[in-house]
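Residue strings, one per chain:
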Amino acid sequence: MLTQSKLLRRYRRRGYHLPSTLFSLRRSHSDSPSHSRDGAESIVTQVVELLKPPKKQWDYDQLQPFLFNTSPLSSYNLLQITLRLGSIPKALDFLEYLRKKAQPQHHHHSLSSVFQGALELASRHPSSQTELLMLHSLRKSNNRSIPLTAKSASLLMQCFEKAQMLDDSLLLFNELDPSSKSTRICNGLLRVLLKSGRTDDALHVLDEMLKPNSGFSSDNFTGEIVFGWLVKREHPGRSDADVEIVGLVTKLGEHGVFPDTFKLTQMITKLCGKRKNGVAWELLHGVVNLGGAVEAASCNALLTGLGRERDIERMNKLMAEMKEMKIQPSVVTFGILINHLCKARRVDEALEVFNKLRGKGENNDIGVEPDVVLFNTLIDGLCKVGREEDGLILLEEMKTENKNKPNSVTYNCLIDGFFKAGNIDKACELFSQMNEEGLQPSVVTLNTLVDGMCKHGRVFSAVEFFNEMKGKGLKGNAVTYTALISAFCGVNNIDKAMQYFDEMFSSGCSPDAIVYYSLISGLSIAGRMDDASIVVSKLKQAGFSLDTVCYNVLISGFCKKKKLERVYEMLNEMEKTGVKPDTVTYNTLVSYLGKVGDFATASKVLKKMIEEGFEPSVVTYGALIHAYCLKDNVNEAMKIFREMCSTSKVPPNTVIYNTLIDALCKNNNVERAASLMDDMKVKGIQPNTTTYNAILNGVRDKKMLHKAFELMDRMIEDACRPDYITMEILTEWLSAVGEIEKLKLFVQGYQVSVNKSLFSE
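Calculation notes
Residues numbered from 1 in each chain as written. Predicted model: local features only at pLDDT ≥ 70, side-chain atom pairs only at ≥ 80, totals over all residues. Heavy atoms only, no water. Helix = DSSP H or I, 4+ residues; strand = E, 2+ residues; numbered from the N terminus. Contact = heavy atoms within 4.5 Å. Areas by Shrake-Rupley, 256 points an atom, 1.4 Å probe, with all protein chains shown as cover. Phe/Tyr/Trp six-rings, centres within 6.5 Å; stacked < 30°, edge-to-face > 60°. Axes fitted to C-alpha atoms, helices over the stretch in contact; angles between N-to-C directions. Parallel < 35°, antiparallel > 145°, perpendicular 65-115°, else oblique. Left-handed = near helix turned anticlockwise from the far one by under 90°. Nonpolar A, V, L, I, M, F, W, Y, C, P; charged D, E, K, R; others polar. Expected span 1.5 Å × (residues − 1). Buried < 20%, exposed > 50% of the residue type's maximum accessible area, 1.4 Å probe, protein only. Salt bridge = Lys/Arg side-chain N within 4 Å of Asp/Glu carboxyl O. Core = buried A, V, L, I, M, F, W, Y, C linked by side-chain atoms within 4.5 Å.

K.L.:
So what's going on with the overall build of the protein? Which residues, and what values?
P.N.:
Along the protein, the regular secondary structure elements total 41 helices and 0 strands. Contacts in the protein between residues at least 24 apart in sequence constitute 65% of all its contacts with a sequence separation of at least 6. Element-wise, carbon and sulfur atoms account for 51% of the exposed surface of the protein, whose accessible area totals about 37300 Å².

K.L.:
Residue-level account of the packing of aromatic side chains, with values.
P.N.:
Per the counting criterion, the structure on display carries 13 aromatic pairs. For the ring pair Tyr586 and Phe614, a centre distance of 5.8 Å and an interplane angle of 50 degrees mean the geometry is tilted. Taken together, the positions of Tyr586 in helix H32 (residues 583–595) and Phe614 in the loop between helix H33 (599–611) and helix H34 (618–630) put the pair 28 residues apart, joining distant regions of the chain. Aromatic pair Phe641 and Tyr657: ring centres 5.3 Å apart, planes at 75 degrees, arrangement edge-to-face.

K.L.:
Break down the environment of Pro54 for me, citing the residues and quoting the values.
P.N.:
Structurally, Pro54 is set in the loop between helix H2 (37–51) and helix H3 (60–68). Taking the C-alpha atoms as reference points, Pro54 and Asp93, 39 residues apart in sequence, are found 9.5 Å from one another.

K.L.:
So what about the packing of helix H28 (residues 513–525) against helix H29 (residues 529–541)? Which residues, and what values?
P.N.:
Remark: H28 packs on H29, axes separated minimally by 8 Å, with the N-to-C direction vectors making an angle of 165 degrees. When the interaxial angle is binned, H28 and H29 end up roughly antiparallel. With respect to the hand of their crossing, H28 and H29 are arranged in left-handed fashion. Between H28, through Tyr516, Tyr517, Leu519, Ile520, Leu523 and Ser524, and H29, the contact on the second element is made entirely by Met529, Asp531, Ala532, Val535, Val536, Lys538 and Leu539. Partitioned by chemical class, the residues of the contact of H28 with H29 number 10 nonpolar, 1 polar and 2 charged.

K.L.:
Kindly report on helix H13 (residues 241–253), identifying the contributing residues and their values.
P.N.:
Helix length check: H13, at 13 residues, gives a terminal C-alpha distance of 19 Å against a target of 18 Å (1.5 Å per residue), a fit within 8%. Listed as buried for H13 are Ala241, Asp242, Ile245, Val246, Leu248, Val249, Leu252 and Gly253. In this structure, the buried residues of H13 make contact with helix H11 (199–209), helix H12 (220–232), helix H14 (261–273) and helix H15 (277–289).

K.L.:
Lay out the pattern of salt bridges in plain terms, naming residues and giving numbers.
P.N.:
Summed over all chains, the structure comprises 31 salt bridges. Its salt-bridge partner being Glu429, residue Lys426 comes within 3.2 Å of it at the nearest N-O pair. Separated by 3 residues within a single helix, Lys426 and Glu429 lie in helix H23 (residues 424–436), roughly one turn from each other. Classification of Lys426 by relative accessible area gives buried; the value is 19%. For the salt bridge of Arg528 with Asp495, the shortest nitrogen-to-oxygen distance reads 2.9 Å. Taken together, the residues Arg528 in the loop between H28 and H29 and Asp495 in helix H27 (residues 494–506) connect sequence positions 33 residues apart. Under the relative-accessibility criterion, Arg528 is labelled partly exposed at 27%.

K.L.:
Help me get a handle on H11, residues and values and all.
P.N.:
Among the residues of H11, Thr199, Ala202, Leu203, Val205, Leu206, Glu208 and Met209 are the ones counted as buried. Looking at the buried positions of H11, the neighbouring elements they touch are helix H9 (166–175), helix H10 (183–195), H12 and H13.

K.L.:
Describe the nonpolar core, and please don't skip the residues or the numbers.
P.N.:
For soluble globular proteins, the rule of thumb is that nonpolar side chains tend to be buried together. In this structure, Leu67, Ile485 and Ile661 are the most contacted members of the largest nonpolar core, which totals 238 residues. Ranked by residue count, the leading element in this core is helix H26 (residues 478–490), at 8 residues.

K.L.:
Residue-level account of the packing of H26 against H28, with values.
P.N.:
At a minimum axis distance of 9 Å, the contact between H26 and H28 shows a crossing angle of 15 degrees. With respect to H28, the element H26 is oriented roughly parallel. For the element pair H26 and H28, the recorded crossing hand is left-handed. Where H26 abuts H28, its residues Thr482, Ile485, Ser486 and Cys489 lie against Ile514, Val515, Ser518, Leu519 and Gly522. Its residues assigned to classes, the contact of H26 with H28 comprises 5 nonpolar, 4 polar and no charged.

Spelled out as structure tokens, the structure:
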């Protein structure tokens, strides 16, 4: 057998020329058999016999009358001759002979038919792709052209597709005469272009197909290709990509090609998932307006998207349109509507829809019966708005029906509802009823009860119940252990939390991020920073990463342990992982640095905080003021206080006033402390018992008895109840000066002084 390279060299030496300009060969007068069928078949057989010997042995005198008489063979006859020759070299020899001998008026149809035959022979070859590409190379290597038939073009296009020669496919397609293009060729090219990401080229081909009277218009297979691509494609960063879906569906719809229910539903679901409900709405209605078939499944997808956005108005509108279009809603349709009405806390409307289905109020002409899922959805919605008793009524109705008996989900919804309402006994009673009816509790039931007990402070009851369920073969999952671990961390029983953390691993449950965060927080608050660090390592090994809240807890814990190097380690790690510090981070650092007396660094942190766009909060200022007061630098504390009052948008609170009043009194500056109390009154900031304790302590040290009486009267006016510190300050002092009766009046809530002007002359 001749190799491709040898065959190329052979035919180039002969000067053989193949097409550069391509057009289709229509069946015209030249295709019409001029001989009878039997006569034509006889001629074909004789010509094949004459062409079988090597070319040097051909009898040209005998060939001439068969091929070039006044009634030449048709395109079909020439194609049959070529195919019967059975080899590509013989076909090309025959092609070269015709090219030299055929009359100009028959030249095109002769060469086109024989070249098609050569391509068909190549397509049957074991290495068909190689052979077809060789013929393609021969065609491109010559200047003179042979027109291609539609079949020839199709064979070459299929070959290019397999060889992933997209540019050659496009070049061939663009060179084809419109009459040689077919829907099949276009669909093949369209599919491979879309699959290869050549969207613009593909859409150009589609535009050609959709031109009026193109002769190769779109069909259902075109729709499958385009709609399938629209469902799968992703176009990040292209704002017009979703709108393009509507445009393409509309274009094809105008030619009677529509997506089937499955693909239309997929496209709507995809758009709604990207919160493009408006585009999804336009898509569905576009198909309807163009006469395409729309079923309930597609409407359900749009209802789901609208419900997610709480667009109840358009949900109701779509339901009305479905009725007008005679689209039969399913129980799923009403399930979606009732579910989202409940989530929007419009439970009365959900009940109205539900009752209509059951024939209450007006006859149920919809033909849809509620199922258990609908009952459960409504019961869950009622419980979530605190209408557990209405949920119980529905439960009793389910029990009396034969079709919709309550299941474990029904009871789970009610148990959760009563737990959230604080009615723990009723929740436990429902669990007992569930068991009595032979319904097996699921892990959801277990989690609902364990979580409910934990959140209402019955942690050990939750443990007992969990152990009981384990004994019956019901294992907990990550949610169960999360509830228990979080509960024990909440009551500062870290050892028990760690015990359940270890049990969680041994039982094969993978902790989620919440479990790790709960443990890290609990351990940090308890000051067990080494254990917290171990849990952090496990968190990272599990593939999770710390968030800002978790870093803040760790930084706070290390600050309390005075491990500044670990604090900086956390800050560096935050920077590397791209986790931004927040106000809490900066406040924690400012507070710690102030307490250790590193005010220079604290000021730098405060400056950095402002540069990062965080406004210092009352906590920030309070931490600095408290730190300066601890270091007996009241003047600097007052300076920050004045700056806070004059330039900050954050007003001081009672805690800051208390800190300053206490510090001033301890520095024997009671008059200044009193002026701060007056400032509180002007600004409408309510003093508390701590405020009065601080200033009473100051006036006692300065033996300002009449001022103490005035303070006691104001304390009664401000409804501040004395605590043990107040009594400790006043009892010893007033007893020593013989004013124990006034102390009794004060305790009983009576005023002890006529003078209401604090520290007035």
